[in-house]
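# Descriptive analysis of the structure
What follows is the residue order along each chain.
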Amino acid sequence: MNKTFERAPAPTAVRGACPHDCPDTCALLTSVLDGRAVRVQGNPEHPPTDGVLCTKVSRYTERTYHPERLLQPLKRVGPKGAGRFEPVSWNEALDDIAARLNAIAARNPEAIVPYSYAGTMGLVQSEGMAARFFHRLGASLLDRTICAAAGGEALVQTLGGKVGMKVEFFAESKLILIWGSNSIASNLHFWRLVQQAKRDGARVICIDPRRTETADKCHEHIALLPGTDGALALALMHELIRNDWLDHDYLANHTLGWEQLRARALAWTPERAAQVCGIPVRQITELARDFGTTRPAAIRLNYGMQRVHGGGNAARLVACLPALTGAWRHRAGGLLLSSSGHFPLDRAALHRPDLLGTRRPRTINMVTIGDDLLRASSPAFGPKIEALVVYNSNPVAVAPESAKVVRGFAREDLFTVVMEHFRTDTADYADYILPATTQLEHWDIHLAYGHTDVLLNRPAIAPVGQARTNTDVFRALAARMGFTEACFADDDETLCRTAFGHAVPFDELLDKGFARLPLPDAPFANGGFPTPSGRCEFFSERLAATGLDGLPDHLPNHEVPGSDARFPLAMISPPARNFLNSTFVNVQSLRDIEGEPLLEISATDAAARGIASGDVVRVFNARGSHLCKASVSPRARAGVVNGLGIWWRKLGLDGTNVNELTSQRLTDLGRGPVFYDCLVQVVPHGTADA
Ligand code: SF4
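Residues numbered from 1 in each chain as written. Predicted model: local features only at pLDDT ≥ 70, side-chain atom pairs only at ≥ 80, totals over all residues. Heavy atoms only, no water.

### Observations regarding the nonpolar core
We apply this condition: By nonpolar core is meant a set of buried Ala, Val, Leu, Ile, Met, Phe, Trp, Tyr and Cys residues that side-chain atoms within 4.5 Å join together. The cut-offs for exposure are 20% and 50% of the maximum accessible area for each residue type, with area from a 1.4 Å probe on protein chains only; residues under the lower value are buried, those over the upper are exposed, and the others partly exposed. Two residues form a contact once any of their heavy atoms are found within 4.5 Å.
Membership of the largest hydrophobic core comes to 80 residues, with the highest contact counts inside it found for Trp 179, Leu 232 and Leu 321. In contact with Leu 321, not counting residues within four places along its chain, are Trp 179, Ala 233, Leu 236, Met 237, Leu 240, Phe 291 and Ile 299. Among the nonpolar cores identified, the runner-up in size contains 55 residues, and Leu 350, Ala 448, Phe 474 and Val 504 belong to it.

What follows is the structure, given as structure tokens:
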């Protein structure tokens, strides 16, 4: 019998960019069939992506069509935080929000605070229209410090900007130090370059308090105590000087402050640093020998190590190292922490700070939102915070010292709007929840901090449900609040074009989805750093002018291990492999892999407390208490526990997460958070406090 088979329609592939807070900024290809995204893959034509996505984002359709996706605006009907809402129309929600914000602004617009971070890294859906709106309003400014502020400031003060090696040349390095990074979990495409270098004979050394999946695969793992990286860097300098593994010509011609740094480093013998870092002397001397005698040698620094009191100084010290040996001379030598400073972003055109006019609103640091929400009006602080507009962030889960953050968000007199995909911990405290589009549903444009390509994201599907783009919501609010400036009429494609102006060919972005920046292979082979002196600034006049030490030093943690007998363990809270900050925690297939909130603890520390793997334990300090499951594991060194994050509080064993324990104290540079500078005690659940 003859049978006619119809050829199935082929899906359309739409080019996009991964929006998540990850250095890799992958190029996506979304397959769309009958208006529905059926698959998200890596674009094989984009060299840094090479056709591969991480597990998290390859499940992006599961997240987009998640049964709990917010599909319509919701208005609170119960007490704050109870999570009781009823559907409302967009018009009703926007009219009421505009009226409430207008009423507050009439008293003092600085009582309104935007709260956002890298829920999307897209330049348009993050601050593209939002910054214009809040500038025009005269709202408080937000210091967006929660991740990378100390390390970023360190790079600016030392190298002149967030600049460094081109990532692709790590594949040619003969020595790679992976410093404070679990690359396999959070910088996957870099790890592929490392594997290539390893195959070609490179030695790879991981420096991290935790024995991560990355450390497992390196030739050596140096498990220093949290917050001691600066001491290690100084001792490495000591050994480079003592053995004369120095590039004297590079030091003389391309650095500033060498004599002062030399004198400081000579006080840091390997023995002294070994004691501070809690590692053998041999590891320091051998690391110095490797770094001093191998060419080309490259450092992949990441932001984990700067989340401690002295994180800025430590990042400055590590960033100085390549100039001592002249590692920058080779394209496969030097350092990469962030490449974002290479991009010719026209921030002023996008954010329009000119809309402030002569007004100079106060700045709220997002790290201290817990304290700040609980402050009364005062001459020093300014007006009490009366309204929060949260987008691209989940502060109730991710901000430190949760008890205070929750108390602040629970204020009945606080008006809170949350733009979100899901009912996060923060959304539970909203007065209005507005359903936001995902990356598959809107235009955006991206720079990267782990490579040097600009990426364009085209919408692949129509907004799901009644979801609206962040830009559209701010445009609608602007119209209701009487903001008539022409910039509020810019559509998203116009905003994409505005981000880089003529500095990046937009036609190429439309055509290929990405465009490479024209940069030299070895940007600092002959100096030319973008600092005021044009040199790598060991000594920073700019820091000295602010009253800080112009020369980097090791600064001990706020909470030094061993300094408080009540809390004898140092806790760090690195991301669980299948989560990205607090994103993806509600994707069932990823949560199934992670299981439950885990605390990794060494066999020694577990035995001393009668703890076995799988036991429920209570982790506590003076700020709070958190229940989780113990994993007795070689991933934790003695004296340090690893609380894997960042779980949503409401999915935790007792409605908390690790941030119940972290503090709102700040870093030395950049006013950043100190998530990994945190002492705790751990006991089996049910044990009374000692
Ligand atoms: S999270 Fe990182 S590795 Fe995963 S797809 Fe996005 S950019 Fe790529």
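### With respect to the site of the ligand
The cut-off we apply is this: Neighbouring residues are identified by heavy atoms, a residue being near a molecule or strand if any of them is within 4 Å of it. Residues are sorted three ways: Asp, Glu, Lys and Arg are charged, Ala, Val, Leu, Ile, Met, Phe, Trp, Tyr, Cys and Pro are nonpolar, and all the rest, Gly among them, are polar.
Taken together, 10 residues lie around the ligand, and Cys 18, Cys 22, Thr 25, Cys 26 and Cys 54 are the ones closest in. For the shell around the ligand, the class distribution of residues is seven nonpolar, two polar and one charged.

### Things to note about helix H20 (residues 470–480)
Basically, it comes down to this: Per the convention used, a helix needs a DSSP run of H or I reaching at least four residues, while a strand needs a run of E reaching at least two, with both numbered from the N terminus.
Extensive coverage of H20 is indicated by the burial of eight of its 11 residues. Among the residues of H20, those classed as buried are Asn 470, Thr 471, Val 473, Phe 474, Arg 475, Ala 476, Leu 477 and Ala 478. Looking one or two residues beyond H20, the residue adopting positive phi is Gly 482, at roughly 80 degrees.

### Some remarks on the sheet that holds strand E1 (residues 12–17)
Applicable threshold: Here, any two strands with at least 2 DSSP bridges between them count as paired. Lines are fitted to the C-alpha atoms to define the axes, a helix being fitted only along its stretch in contact, and any angle between axes, read from their N-to-C directions, falls within 0 to 180 degrees.
Here three strands make up an open sheet; going across it, the order is E1-E2-E3 and the pairing antiparallel. The open sheet is flanked by E1 and strand E3 (36–42), the only strands paired with a single partner. Pairs of neighbouring strands in the sheet enclose a mean axial angle of 30 degrees, with direction left out of account.

### A word on the sheet that holds strand E23 (residues 598–601)
The strands that make up a sheet are held in pairs by hydrogen bonds between backbone atoms, and each pair lies either parallel or antiparallel. Spatial ordering of the closed barrel is given by E22-E26-E23-E25-E24-E27, a layout of six strands whose pairing is mixed. For this sheet, the mean angle separating the axes of adjacent strands, direction not counted, is 45 degrees. Summarising the sheet, strand E24 (residues 616–621) and strand E27 (residues 679–684) pair through four bridges and their orientation is antiparallel. When the bridges of E27 are listed, Arg 618 appears paired with Val 683.

### Some remarks on the packing of helix H13 (residues 270–277) against helix H14 (residues 281–293)
Relative orientation and spacing of two packed helices are given, respectively, by the angle between their axes and the distance between those axes. What counts here: Oblique is the label for every angle not falling under 35 degrees (roughly parallel), over 145 degrees (roughly antiparallel), or within 65 to 115 degrees (roughly perpendicular). Helix crossings are classified by the rotation of the near helix relative to the far one: an anticlockwise turn of less than a right angle makes the crossing left-handed, while a clockwise turn makes it right-handed.
Two elements in contact, H13 and H14, have axes whose closest approach is 8 Å; the angle formed by their N-to-C orientations is 120 degrees. Of the possible angle classes, the one that applies to H13 and H14 is oblique. When you trace H13 past H14, the crossing you get is right-handed. Contacts between H13 and H14 involve Pro 270, Glu 271, Ala 273 and Ala 274 from the first element and Val 281, Ile 284 and Thr 285 from the second. Looking at the contact of H13 with H14 residue by residue, the class counts come to five nonpolar, one polar and one charged.

### Some remarks on the pattern of salt bridges
Cut-off, in case you're wondering: Should a side-chain nitrogen of Lys or Arg be within 4 Å of a carboxyl oxygen of Asp or Glu, the pair is scored as a salt bridge.
According to the stated counting rule, one finds 47 salt bridges in the structure shown. Notably, a salt bridge pairs Glu 493 with Arg 497, separated by 3.3 Å at the nearest N-O pair. Residue Glu 493 and its partner Arg 497 are both found in helix H21 (residues 492–500); the two are separated by four residues, about one turn of the helix. Taking relative accessible area as the criterion, Arg 497 reaches 38% and is therefore assigned partly exposed. Each of the salt bridges in this network shares a partner with another, and the network as a whole consists of Arg 203, Glu 220, Arg 282, Glu 286, Arg 289 and Asp 290.

### Notes on unusual backbone geometry
The omega angle of the peptide bond from Arg 295 to Pro 296 is -10 degrees, so this bond is cis rather than trans. Looking at the element boundaries, Pro 296 is found in the loop between H14 and strand E12 (297–301). Phi angles above zero are rare outside glycine, and Thr 25 is one such case at about 35 degrees. Residue position: Thr 25 is located in the loop between E1 and strand E2 (27–33). The backbone of Asn 392 sits at a positive phi, close to 60 degrees, despite the residue not being glycine. Positionally, Asn 392 belongs in the loop between strand E15 (387–391) and helix H18 (395–398).

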